[in-house]
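Below, each chain spelled out in residue letters.
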2 protein chains.
Amino acid sequence: MFSGIQFSLYPMTDDFVGIILDAVSALDDRRDRLRIETDNISTLIVGPPDMLFPAMRDVFLRAARTGHHVVLSATVSRGCPGEPDDPICTGTAGAAGGIGDRDQAKALLADAPATGQPAVAQFSLYPLGADAMPNIYACIDFLKTSGVFDRSKHFCTKLAGDTGAVFAAVEASFRCFGAPDGHVTVDLTVSANSPSG
Amino acid sequence: MFSGIQFSLYPMTDDFVGIILDAVSALDDRRDRLRIETDNISTLIVGPPDMLFPAMRDVFLRAARTGHHVVLSATVSRGCPGEPDDPICTGTAGAAGGIGDRDQAKALLADAPATGQPAVAQFSLYPLGADAMPNIYACIDFLKTSGVFDRSKHFCTKLAGDTGAVFAAVEASFRCFGAPDGHVTVDLTVSANSPSG
């Protein structure tokens, strides 16, 4: 199953280039297990589902810890029938990662590291094909018990809490809802240090 | 049909608050025809489909003309069965706007204003329910003739050109592909003045 992310990091400061370049270095020790490509609008990470969110979280965390207002925006996808398969996505880690195993959603949350960095996020889960809405409703029910549920908004669900738990809740939604081999995408925004409070 | 946008504007400068507040004033003369709500992560615009993209474009344009690197990120949705209907979405303008009328896609492009402000963008179109991929492929075929097609990327299509034409191409994709009354969403990123060139 082809899986990956297009993500962008937006530090709201004159020194945005320096913060982005430093934050992306959080990926360095994973470059042998992920395919990473950057252009002038986003960075692509292709790899097994269980590696995608921790990688993205660590980039965000490194930027957030500068204290500047930073936002990460991402398009996450698995199982798109229009994408070629890639051997890098199909390692043991991905297969053991439990896509489609809904009981694993809570386990992913329980394993989330405590980072000490607060974040707010909002995201939409899109299971393409049949049964989109039942999967979306089931996911929202799960999120309400996640400990980081903030509120339902039009078109998305808002989360708030520790960065580790917030990313784990989105990862669990992406991996554990929708058909195990189905085409599922997530439209994600994560924010730290907003002056809007 | 309920339709709207959650969007955020990211000016990569220390004066990001001032630029955001000034840019959002581009909505002022439309506030009687749109429902607009802001929290600490995004601004909601609810209104007829044909008003959404021009409103968002004008906010982006005002920020881009400061010369700073600015990015707009948006989640756009129409026809979500989980949303309550709203009278503000169902005016004559929306009904006449031609959702589902694929011939209108080219007309929307032809009507795009020339702004003189270059932009790059990437977006994903998600027609929820049956026939997602045929609609996505048809949309990509249309985009290749739009004059602003840059290239296909994993999980999205990248556009480049005048800001007016770029927003018109995404609007045409959103309004004219997928079932006329179907649940269709777009995950959009638009960028101006990037130092990455």
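Since the structure is predicted, the reported quantities are computational estimates derived from the model, not experimental observations.

A.B. asks: Mind laying out a negative patch on the surface, listing which residues take part and the relevant values?
C.D. replies: Taken together, the side chains of Asp 14 and Asp 15 of chain A together with Asp 14 and Asp 15 of chain B define an acidic patch exposed on the protein surface. What makes Asp 14 of chain B partly exposed here is its relative accessible area of 49%.

A.B. asks: How would you summarise unusual backbone geometry if you had to cite specific residues and measurements?
C.D. replies: Most of the time, phi is negative for any residue but glycine, and the peptide bond is trans. Residue and element names in this part refer to chain A. For Phe 155, which is not a glycine, the phi torsion comes out positive at approximately 75°. If you trace the backbone, Phe 155 turns up in the loop between β6 (149–153) and β7 (156–162). Look at Phe 155 and you get buried, because its relative accessible area is 9%.

A.B. asks: Can you tell me about the relation of the copies chain A and chain B, naming the residues and giving the values?
C.D. replies: Rotating chain A by 180° about the axis while translating it 0.0 Å along that axis superimposes it on chain B, leaving an RMSD of 0.0 Å. One copy is carried onto the other by what is essentially a two-fold rotation axis. Take the interface residues of chain A: 100% of them recur as interface residues in chain B, which is what a same-surface contact looks like.

A.B. asks: Tell me about the packing of helix α2 (residues 49–64) of chain A against helix α6 (residues 163–176) of chain A, and please be specific about residues and values.
C.D. replies: Residue and element names in this part refer to chain A. For the pair α2 and α6, interaxial distance at closest approach is 10 Å and the crossing angle is 150°. The angle between α2 and α6 places the two elements in the roughly antiparallel class. Taken as a pair, α2 and α6 cross one another with a handedness that is right-handed. Residues Pro 49, Asp 50, Phe 53, Pro 54, Met 56, Arg 57, Phe 60 and Leu 61 of α2 touch α6, and the partners they reach there are Thr 163, Gly 164, Phe 167, Val 170, Glu 171, Phe 174 and Arg 175.

A.B. asks: Describe the sheet that holds strand β6 (residues 149–153) of chain B, with residues and values.
C.D. replies: All names here are of chain B. Read from one edge to the other, the open sheet built from eight strands follows the order β2-β3-β1-β4-β8-β5-β7-β6, with strand pairing classed as antiparallel. The sheet is open, and its two edges are formed by β2 (35–38) and β6, each paired on a single side. Each neighbouring strand pair of the sheet contributes to a mean axis angle of 20°, computed without reference to strand direction. Of the pairings in the sheet, the one linking β6 to strand β7 (residues 156–162) comprises four bridges and is antiparallel in character. Bridge pairing in β7 places Lys 153 opposite Cys 156. Along the sheet face, helix α2 (residues 49–64) touches β1 (3–11), β3 (43–46), β4 (70–78), β5 (118–127) and β8 (184–192) and points at about 5° away from the line of β1. Of the strands in this sheet, β5, β6 and β7 touch helix α5 (residues 132–144), which is tilted by about 160° from β5.

A.B. asks: How would you explain the interface of chain A and chain B if you had to name every residue and give the values?
C.D. replies: Taken together, the contact pairs 56 residues of chain A with 56 residues of chain B. At the boundary of chain A with chain B, total buried surface from both sides reaches about 4,300 Å², with 62% on carbon and sulfur atoms. The three residues of chain A that bury the most area against chain B are Asn 40, His 154 and Phe 155 of chain A, which together make up 19% of that side's buried surface. Our enumeration of links across chain A and chain B arrives at six salt bridges. We note a salt bridge from Asp 39 of chain B to Lys 153 of chain A, for which the minimum N-O separation is 2.7 Å. The interface formed by chain A and chain B holds 20 residue pairs in polar contact (both at pLDDT 80 or more) in total.

A.B. asks: An account of the pattern of salt bridges is needed here, citing residue identities and associated values.
C.D. replies: Residue and element names in this part refer to chain A. Applying the stated criterion across every chain yields a total of 24 salt bridges over all chains. A salt bridge links Glu 37 to Arg 35; its shortest N-O distance comes to 2.6 Å. Here Glu 37 falls in the partly exposed class, since its relative accessible area comes to 39%. Here Arg 57 ties to Asp 58 by a salt bridge, and the two come within 3.0 Å at their closest N and O atoms.

A.B. asks: I'd like a rundown of the pairing of β2 of chain B, residues and numbers included.
C.D. replies: Residues and elements named next belong to chain B. With four bridges connecting them, β2 and β3 associate as antiparallel partners. Counterpart to Glu 37 in the pairing with β3 is Leu 44. Hairpin remark: β2 followed by β3, antiparallel, with four residues in the connecting loop.

A.B. asks: Talk me through the sheet that holds strand β4 (residues 70–78) of chain A; I want residue IDs and the actual numbers.
C.D. replies: All names here are of chain A. One open sheet accounts for eight strands, arranged β2-β3-β1-β4-β8-β5-β7-β6; its pairing is antiparallel. Looking at which strands have only one partner, the edges of the open sheet turn out to be β2 (35–38) and β6. Geometrically, the sheet is characterised by an average inter-axis angle of 20° between neighbouring strands, direction not taken into account. Sheet strands in contact with α2 are β1 (3–11), β3 (43–46), β4, β5 (118–127) and β8 (184–192), and its direction is about 5° off that of β1. In the packing of α6 onto the sheet, contacts are made with β4, β5, β7 and β8, and the angle to β7 comes to roughly 145°.

A.B. asks: Talk me through the side chain of His 69 of chain B; I want residue IDs and the actual numbers.
C.D. replies: Residue and element names in this part refer to chain B. Tracing the backbone shows His 69 in the loop between α2 and β4. Using a relative accessible area of 12% as the deciding quantity, one classes His 69 as buried. A polar contact is formed between the side chain of His 69 and the backbone oxygen of Ala 192, at a distance of 2.9 Å.

A.B. asks: Could you give an account of the packing of aromatic side chains, with specific residues and numbers?
C.D. replies: Scanning the model with the defined rule gives ten aromatic pairs over all chains in all. Arranged with centres 5.6 Å apart and planes meeting at 35°, the rings of Phe 142 of chain A and Phe 177 of chain A form a pair that is tilted. With Phe 142 of chain A in helix α5 (residues 132–144) and Phe 177 of chain A in the loop between α6 and β8, this residue pair connects regions lying 35 residues apart in the sequence. Phe 177 of chain A carries the same exposure label as Phe 142 of chain A, and that label is buried. Between Phe 155 of chain A and Phe 2 of chain B, the aromatic rings sit 5.8 Å apart at their centres with planes inclined by 50°, giving tilted as the arrangement.

So, how was this worked out
Residues numbered from 1 in each chain as written. Chains lettered and ligands numbered in written order. Predicted model: local features only at pLDDT ≥ 70, side-chain atom pairs only at ≥ 80, totals over all residues. Heavy atoms only, no water. Patch = residues over 30% accessible without salt bridge, like charges linked within 9 Å, V, L, I, M, F, W, Y side chains within 5 Å. Areas by Shrake-Rupley, 256 points an atom, 1.4 Å probe, with all protein chains shown as cover. Salt bridge = Lys/Arg side-chain N within 4 Å of Asp/Glu carboxyl O. Lys, Arg positive; Asp, Glu negative; His and termini not counted. Charge placed at Lys NZ, Arg CZ, Asp CG, Glu CD. Buried < 20%, exposed > 50% of the residue type's maximum accessible area, 1.4 Å probe, protein only. Helix = DSSP H or I, 4+ residues; strand = E, 2+ residues; numbered from the N terminus. Least-squares fit on C-alpha atoms with pLDDT ≥ 70 in both. Contact = heavy atoms within 4.5 Å. Axes fitted to C-alpha atoms, helices over the stretch in contact; angles between N-to-C directions. Parallel < 35°, antiparallel > 145°, perpendicular 65-115°, else oblique. Left-handed = near helix turned anticlockwise from the far one by under 90°. Pairing = 2+ DSSP bridges. Buried area = accessible area lost by both parts, 1.4 Å probe. Polar contact = N/O pair within 3.5 Å; in protein donor to acceptor, adjacent residues only side chain to side chain. Phe/Tyr/Trp six-rings, centres within 6.5 Å; stacked < 30°, edge-to-face > 60°.

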